[in-house]
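# Structural description and commentary
In case you want the letters, here they are:
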Amino acid sequence: MKINILAFGIAKDIFEASAVKVEMTNDATVSNLKYLLEKQYPRLKKLATYMVAVNNEYALDGDTVHERDEIAIIPPVSGG
Amino acid sequence: MNTNIQILPITLNAQECIGWVMSPECGGIDIFIGTVRNATKGKAILRLEFEAYEKMAISELEKIAQQAFEKWPAQRILIHHRTGVLQIGEIPVIIAVAAAHRDAAFEACRYIIDTLKQTVPIWKKEIFEDGEVWVAAHP
């Protein structure tokens, strides 16, 4: 399946785009996704930390991702 | 509606925020106004840029407001956050809490700004003379 990933803040600079598409197997997890992205964009590993949001909620590494999910990379937040 | 939560690309207005939370059953309003400081760690800042993952930011802010209502007897909670380019002295965030008594208003307001800074998907970029940096991105 092809999944679309939204990027914000520094993740947008790292991807050089506000969204990227990656190809994954149907039972892929958040952890699989992070591994794939870190291979493609090694600068992600230099971040203090980052989270993955699935359908506007923070996701855990073991959560599965689906083709129609809204997926976003959430680098360290700094609002306020 | 006892919450007013917005992400806005335009100037925030503290007086309007106070007006919205004010109500006859409340004896106190606590308001936190964040302002853009002219320096960070001794280095002059030219301006800030804020970006939000708007849908999720609103949903996380709603959660924080609900948690505050569960913890303290507050009546009304307002959270407004700016996006876009902000100059020195401009207001990125306003939190206003109205409650029957002051303790709840003070404590809920403090809780909301502290939690917002930890969980809400909003990002701040500092722009200096010689470059720019996304705050907190790197260790």
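As shown above, the structure is provided for reference.
Note that this is a predicted model, so its numbers are computed, not measured. (Residues numbered from 1 in each chain as written. Chains lettered and ligands numbered in written order. Predicted model: local features only at pLDDT ≥ 70, side-chain atom pairs only at ≥ 80, totals over all residues. Heavy atoms only, no water.)

### Describing the sheet that holds strand 5 (residues 47-52) of chain B
Residues and elements named next belong to chain B. Filter applied, for reference: Whether two strands pair comes down to DSSP finding at least two bridges between them. By the criteria applied, helices consist of DSSP H or I runs no shorter than four residues and strands consist of E runs no shorter than two, each listed in order from the N terminus. Note on method: axes are straight lines fitted to C-alpha atoms, helices fitted across the in-contact stretch only, with angles between N-to-C directions ranging 0 to 180 degrees.
One open sheet holds the four strands; their spatial order is 7-5-9-10, and the pairing between them is antiparallel. Each edge of the sheet is formed by a strand with only one pairing partner; in this case those strands are strand 7 (84-87) and strand 10 (131-134). Going from strand to strand, the sheet's axes swing by 25° on average, the running direction of each strand aside. With four bridges connecting them, strand 9 (residues 122-128) and strand 10 associate as antiparallel partners. Counted as the bridge partner of Glu-126 is Val-133 from strand 10.

### Some thoughts on the interface of chain B and chain A
Here is the rule we go by: Contact criterion: two residues are considered in contact whenever any of their non-hydrogen atoms come within 4.5 Å of each other. Two parts placed together each lose some accessible area; with a 1.4 Å probe, that loss summed over both constitutes the buried area. The rule for a salt bridge is simple: a side-chain nitrogen of Lys or Arg has to be within 4 Å of a carboxyl oxygen of Asp or Glu. Pairing of N or O atoms within 3.5 Å defines a polar contact, subject to two protein rules: one partner must be a possible hydrogen donor and the other a possible acceptor, and residues neighboring in sequence count only if both atoms are side-chain atoms.
Listed as interface residues are 28 residues of chain B and, on the opposing side, 23 residues of chain A. Here chain B and chain A share an interface that buries about 2100 Å² over both sides, 55% of which is from carbon and sulfur atoms. Interface area lost by chain B to chain A is led by B:Tyr53, B:Met56 and B:Trp123, which between them contribute 29%. Linking chain B with chain A are three salt bridges, by the criterion used here. Residue A:Glu70 is joined to B:Lys55 by a salt bridge in which the shortest nitrogen-to-oxygen separation is 2.7 Å. Where chain B packs against chain A, one counts 18 residue pairs in polar contact (both at pLDDT 80 or more). When residues of the side of chain B that touches chain A are traced back to their parent elements, those giving at least two are strand 5, helix 2 (54-71), helix 3 (102-119) and strand 9 of chain B.

### Some remarks on the environment of B:Leu86
Residues and elements named next belong to chain B. Tracing the backbone through its elements, the reader meets Leu-86 in strand 7. Once the C-alpha coordinates of Leu-86 and Ala-14 are considered, the two residues, 72 residues apart in sequence, prove to be 16 Å apart. The contacts of Leu-86, once residues within four sequence positions are left out, are Val-36, Arg-47, Leu-48, Phe-50, Ile-91 and Pro-92.

These figures come from the coordinates and say nothing about function on their own.
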